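Results of the structural survey
Residue strings, one per chain:
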Amino acid sequence: MSDPYASRTAVYEHLLDGFGTVRVLALDAARDAEVVHGWVSEERAVFWGMTGLTRDQVADVYAHMDALDTHHAYLALKDGAPVALLQTYEPEADRVSECYSVEPGDIGVHLLLAPAGPEGTRSGWTAALTQTLIRYILLRPDRARIVVDPDVRNEKAVQRFLRQGFTAGPEVVLPEVDLPEVYLPEKKAQLAFLRRETVRDQLG
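As the structure is a prediction and not an experimental result, all values here were calculated from the model. (Residues numbered from 1 in each chain as written. Predicted model: local features only at pLDDT ≥ 70, side-chain atom pairs only at ≥ 80, totals over all residues. Heavy atoms only, no water.)

For the rest of this paragraph, the subject is the packing of aromatic side chains. By the definition in use, this model includes five aromatic pairs. Judged by centre distance (5.6 Å) and plane angle (75°), the ring pair of Tyr 74 and Tyr 136 falls under edge-to-face. With a gap of 62 residues between them, Tyr 74 in strand E3 (residues 71-78) and Tyr 136 in helix H3 (residues 125-137) connect regions that are remote in the sequence. The same class applies to Tyr 74 as to Tyr 136, namely buried. Taking the ring centre of Phe 19 as reference, the NZ or CZ of Lys 78 above it sits at 5.0 Å. Above the face of the Phe 161 ring, Arg 160 is positioned so that its terminal group lies 5.6 Å from the ring centre. (Phe/Tyr/Trp six-rings, centres within 6.5 Å; stacked < 30°, edge-to-face > 60°. Helix = DSSP H or I, 4+ residues; strand = E, 2+ residues; numbered from the N terminus. Buried < 20%, exposed > 50% of the residue type's maximum accessible area, 1.4 Å probe, protein only. Lys NZ or Arg CZ within 6 Å of the ring centre and 35° of its normal.)

Structure below.
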């Protein structure tokens with residue numbers, strides 16, 4: 001079977017021994033809407049906050065994000081198959097900045113993993129993928145610390161980040177955002193942080 005993503009230029013590519021090749025592509029709001037809509041529509045993705053959106057509405061959300069200089073979305077592939085939606089953002093340009101003291105070099109991250117395939121969940125799979133994406137996020141030397149803000153009710157996500165070496169910060173309430181182009185409801189979040197020096201050996 002041919003790889004439908006082969007013609008697209010990756011912003012990052014890494015071969016992880018025993019896992020496979022991970023490619024990170026800039027998300028194409030129109031072309032990738034079908035895949036992303038399928039993921040965010042599932043009940044498991046309720047904390048992503050897009051379960052009620054149509055495919056076209058999902059495309060519109062990411063088309064808007066693509067026009068921003070401070071927020072970016074990516075599609076992660078493993079051996080040619082889509083496996084995760086990665087979003088990065090500058091915390092000072094996000095509502096999270098109202099809830100903690102932003103430091104120089106901070107980079108915010110949202111991560112949505114694809115549902116498990118027919119073979120089910122494999123031991124160490126999520127950790128290997130997350131580790132590779134962390135390598136990409138910290139590729140730029142000016143990025144000193146990753147900030148995540150999963151919903152406090154999303155215990156799986158919180159624990160996943162802690163297992164990857166993140167340090168739990170405070171529980172905060174992210175304020176509602178109600179603008180013509182975007183609406184985000186108030187969210188009780190668990191902040192967590194990962195400093196570059198914590199994973200320096202993994203970065204190579």
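On we go from here.
Spatially, eight strands are ordered E1-E2-E3-E4-E5-E6-E10-E7 in an open sheet, and the strand pairing comes out mixed. Every other strand in the sheet has two partners, leaving strand E1 (12-16) and strand E7 (167-174) as the edge strands with one partner each. Strand-to-strand twist across the sheet, computed as the mean angle between neighbouring axes with direction ignored, equals 25°. One ladder, built from six bridges, connects strand E4 (residues 81-89) with strand E5 (residues 106-113); its direction is antiparallel. Within E5, the residue paired with Tyr 89 across the bridge is Gly 108. Packed onto the sheet, helix H2 (residues 55-66) meets E3 and E4 and runs at close to 115° relative to E3. (Pairing = 2+ DSSP bridges. Axes fitted to C-alpha atoms, helices over the stretch in contact; angles between N-to-C directions. Contact = heavy atoms within 4.5 Å.)

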